[in-house]
Amino acid sequence: MSLERTFSIIKPDATRRNLTGKINAKFEAAGLRIVAQKRIQMTKAQAESFYGVHAERPFFDELCEFMCSEPVIVQVLEGEGAISRNREVMGATNPVDAAEGTIRAEFAESVGENSVHGSDAPETAAEEIAYFFSGLELIG
Ligand code: UDP
Ligand code: MG
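This structure is a prediction, so every number in the text was calculated from the model and none was measured.

Trainee: Looking at this model, I keep getting lost on the sheet that holds strand 4 (residues 116-118). Mind explaining?
Mentor: Each strand in a sheet pairs with its neighbour through backbone hydrogen bonds, running either in the same direction (parallel) or in the opposite one (antiparallel). Strand order in the open sheet formed by four strands is 2-3-1-4, with antiparallel pairing between adjacent strands. Of all the strands in the sheet, the pair left with one neighbour each is strand 2 (33-40) and strand 4. Within this sheet the neighbouring strands show an average axis-to-axis angle of 20 degrees, counted without direction. With three bridges joining them, strand 1 (residues 3-10) and strand 4 adopt antiparallel strand pairing. Within the sheet, the bridge partner assigned to I9 lies in strand 4 and is H117. Set on the sheet, helix 5 (residues 82-90) makes contact with strand 1, strand 3 (72-80) and strand 4; between it and strand 1 the angle comes to about 35 degrees. The strands touched by helix 7 (residues 122-132) within the sheet are strand 1, strand 2, strand 3 and strand 4, with strand 1 carrying the most contacts at an inclination of about 55 degrees.

Trainee: Even after reading the chapter, I still don't get the nonpolar core, so can you show me in this structure?
Mentor: What tends to happen in soluble globular proteins is that the nonpolar side chains get buried as a cluster. F7, I9, M42, M67, V74, F132 and F133 are the most contacted members of the largest nonpolar core, which totals 20 residues. For this core, the leading source of residues is helix 4 (residues 60-67), giving five residues. With near-sequence residues (within four places) excluded, F133 lies in contact with F7, A36, Q37, K38, V74, Q75, V76 and L138.

Trainee: How should the site of ligand 1 be read in this particular structure?
Mentor: Surveying the vicinity of ligand 1 reveals the residues K11, Y51, H54, F59, L63, R87, T93, R104, V111, G112 and N114. One of the side-chain nitrogen or oxygen atoms of R87 is found 2.8 Å away from an oxygen atom of ligand 1. Residue G112 places a main-chain N or O atom 2.8 Å away from an oxygen atom belonging to ligand 1. Under a 2 Å grid-point criterion requiring more than half of the atoms, the pocket assigned to ligand 1 is the largest pocket.

Trainee: Teacher, can you tell me more about the environment of H117 here?
Mentor: Positionally, H117 belongs in strand 4. On the basis of relative accessibility, which here comes to 10%, the residue H117 falls in the buried class. Here the alpha-carbon distance between H117 and R85, two residues 32 residues apart in the chain, equals 13 Å. Look past the residues within four positions of H117 in its chain and what remains in contact with it is F7, S8, I9, K11, F50, Y51, M90 and E128. Engagement of the side chain of H117 in a polar contact is seen with the side chain of E128, the distance being 2.9 Å.

Trainee: What should I look at first to understand helix 2 (residues 20-29) in this one?
Mentor: Given 3.6 residues to a turn, an α-helix orients residues that are three or four positions apart in the same direction. Buried residues of helix 2: I23, N24 and F27, and no others. End-on, the buried residues of helix 2 take up no more than an arc of 100 degrees, which puts them together on one face. Helix 2 presents K22, E28 and A29 as exposed residues on the side facing more than 90 degrees away from its buried surface. One or two steps after helix 2, the chain reaches G31, where phi turns positive at roughly 85 degrees.

Basis of the calculations
Residues numbered from 1 in each chain as written. Chains lettered and ligands numbered in written order. Predicted model: local features only at pLDDT ≥ 70, side-chain atom pairs only at ≥ 80, totals over all residues. Heavy atoms only, no water. Pairing = 2+ DSSP bridges. Helix = DSSP H or I, 4+ residues; strand = E, 2+ residues; numbered from the N terminus. Axes fitted to C-alpha atoms, helices over the stretch in contact; angles between N-to-C directions. Contact = heavy atoms within 4.5 Å. Core = buried A, V, L, I, M, F, W, Y, C linked by side-chain atoms within 4.5 Å. Buried < 20%, exposed > 50% of the residue type's maximum accessible area, 1.4 Å probe, protein only. Near = heavy atom within 4 Å. Polar contact = N/O pair within 3.5 Å; in protein donor to acceptor, adjacent residues only side chain to side chain. 1 Å grid on protein atoms, 1.4 Å probe; cavity = no way out; pocket = protein on both sides within 12 Å on 5 of 7 lines; lining within 4 Å. Sits in = over half its atoms within 2 Å of the grid points. Arc of directions from axis to C-beta.

Fair warning: the whole summary comes from geometry, so function is off the table for now.
Right, dumping it as structure tokens:
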């Protein structure tokens, strides 16, 4: 496996409950290094574009409303096989299906308000990082 970077969001349900540190500790314990991180509030247009792949899904409007409802932490995580390792640490989309010890098992409130986003493939990771971070923010 090679050193990779993936894109992560700590979602509004988690920032609202002051869980940023606890979630970051899970990433770090799994060998993922937080190499870039900032707190932003997405606009509706940004959320709709970011989740464009889900535009036809019944939960799309609710998801975009939720994602811009309060600030989020956007971040870049680096490590060996970071994309799949992060998906493992996150757990399944629906917290009732998430394995014990995963972020979603411990913290998610529902299938929609599930505390974290993580890229699912190298192409989406590269696109999502570039959507939220400039080159100057990604040095080192
Ligand atoms: N989502 C939802 N209802 C569903 C499936 C997904 O509200 O039935 C939301 C949820 O917040 C999820 C996001 O849409 O994290 C993106 O869905 P995806 O299938 O990509 O799940 P993920 O990659 O986040 O595990
Ligand atoms: Mg996804």
